[in-house]
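# Close look at the chain arrangement
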Amino acid sequence: MEQAAGEARRIPLHGPDDFEGMRRAGRLAAECLDMIGPHVQPGITTDALDKLCHDFMVERGATPATLGYRGYPKSSCISINHVVCHGIPGDRRLAEGDVLNIDVTPILDGWHGDTSRMYVAGTPSTKARLLLEVTYESLMRGIAVVKPGATLGDIGHAIQSFVEKNRFSVVRDFCGHGIGRTFHAPPNVLHFGRRGEGPVLKEGMFFTIEPMVNAGRPEVKVLDDGWTAVTRDRSMSAQYEHMVGVTATGCEIFTLSPAGLDKPSFAA
Ligand code: MF3
Ligand code: CO
Ligand code: CO
């Protein structure tokens, strides 16, 4: 408890102007993910997708936060099939049935807008559909418990219990994070945990929730490029990410799609 209280004190609290800054950055990030959807087709390279995201952000006055971040070389992360997160765009061409996460973080007027969704090149397998639906639903269940007085453990529990009920697993090695004028700030938002544990949420906290869910075992390893995280058992992995601000009664999702494209959807 001592520890949780100490940790909670280090979590920045924000006011109305800050909410407005995050609303604008979050909307731009979501619009970028809306834009990229129709381009995700078999045959396109991940570099071409990254370039489209880069230009979209820059043309709207934003800076891609990932470009040069701790040496990361690209403006998006694109993580295909058994890649869990931080896949580096390159000359890989999408193949029919690939499932991929695209994660973008424009910085607009100093505020970070961080969000990711899953996409499918062509038609997904039945297993892939289920994995994407469960992962998205786990994110939304995590968001649903966010309000002043709830704890970070409540969020982790909501996500983990739903994922495991569906016989998938939650990745332990990566977590959500505080965000705002800084890309990665306190707190760490774990996607597993127990009800009532961890720091207590307060109005004005900003953080991401971004569960990574594996079809097989939860263990991951990072490849020699220093970034690409993959499932150790090479099972498929999925992730969705939203950014929220805690309000007096619940939370505001800053990264909702203006076009309503948040949820997994599959071409017929
Ligand atoms: N956008 C990722 C997140 O959700 C962070 C990517 S950092 C990078 O936290 F350097 F890999 F791009
Ligand atoms: Co994030
Ligand atoms: Co992200």
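Residues numbered from 1 in each chain as written. Chains lettered and ligands numbered in written order. Predicted model: local features only at pLDDT ≥ 70, side-chain atom pairs only at ≥ 80, totals over all residues. Heavy atoms only, no water.

### Observations concerning the coordination of the cobalt ion (ligand 2)
Protein-derived ligands of the cobalt ion (ligand 2) are Asp114 (OD), His177 (NE2), Glu210 (OE) and Glu241 (OE), with the metal-ligand distances lying across 2.0 to 2.2 Å. What the six donor atoms of the cobalt ion (ligand 2) show is an angle range of 50 to 162 degrees at the metal, which sorts the shape as irregular. Each donor residue of the cobalt ion (ligand 2) lies on the same chain, and together they follow the pattern D-x62-H-x32-E-x30-E. Between the cobalt ion (ligand 2) and the cobalt ion (ligand 3) the interatomic distance amounts to 3.3 Å, and Asp114 serves as a bridging ligand to the pair. With Glu210 in the loop between strand S11 (206-209) and strand S12 (212-214) and Glu241 in the loop between strand S15 (237-239) and strand S16 (242-246), this residue pair connects regions lying 31 residues apart in the sequence. Each member of the pair, Glu210 as well as Glu241, is classed as buried. (Donors = N, O, S within 2.8 Å, 3.2 Å for Na, K, Ca; no water. Tetrahedral: all angles 85-135°; square planar, octahedral: opposite > 155°, others 65-115°. Helix = DSSP H or I, 4+ residues; strand = E, 2+ residues; numbered from the N terminus. Buried < 20%, exposed > 50% of the residue type's maximum accessible area, 1.4 Å probe, protein only.)

### Thoughts on the site of ligand 1
Around ligand 1, a shell composed of 14 residues is seen, among which Thr66, His177, His184, Glu210 and Glu241 lie nearest. One of the side-chain nitrogen or oxygen atoms of His184 is found 2.9 Å away from an oxygen atom of ligand 1. With the chains in place, 96% of the 340 Å² that ligand 1 exposes on its own is no longer accessible. In the shell around ligand 1, the residues fall into five nonpolar, five polar and four charged. (Near = heavy atom within 4 Å. Polar contact = N/O pair within 3.5 Å; in protein donor to acceptor, adjacent residues only side chain to side chain. Areas by Shrake-Rupley, 256 points an atom, 1.4 Å probe, with all protein chains shown as cover. Nonpolar A, V, L, I, M, F, W, Y, C, P; charged D, E, K, R; others polar.)

### So, the coordination of the cobalt ion (ligand 3)
Each protein donor to the cobalt ion (ligand 3) is listed here as Asp103 (OD), Asp103 (OD), Asp114 (OD) and Glu241 (OE); together their distances run 2.0 to 2.3 Å. Positions of the donor residues of the cobalt ion (ligand 3) along the chain correspond to the pattern D-x10-D-x126-E. Note on Asp103: relative accessible area 11%, which makes it buried. The exposure class assigned to Glu241 is buried, which follows from its relative accessible area of 1%.

### Let's talk about the sheet that holds strand S3 (residues 83-85)
Spatially, the three strands line up as an open sheet ordered S3-S14-S13, and their pairing is antiparallel. Sheet topology places S3 and strand S13 (220-222) at the edges, where each strand pairs with a single neighbour. Neighbour-to-neighbour, the strand axes of the sheet open up by a mean angle of 40 degrees, direction not taken into account. Taken together, the three bridges between S13 and strand S14 (residues 229-231) define a ladder with antiparallel strand orientation. In the strand pairing of S14, Lys221 is matched with Val230. (Pairing = 2+ DSSP bridges. Axes fitted to C-alpha atoms, helices over the stretch in contact; angles between N-to-C directions.)

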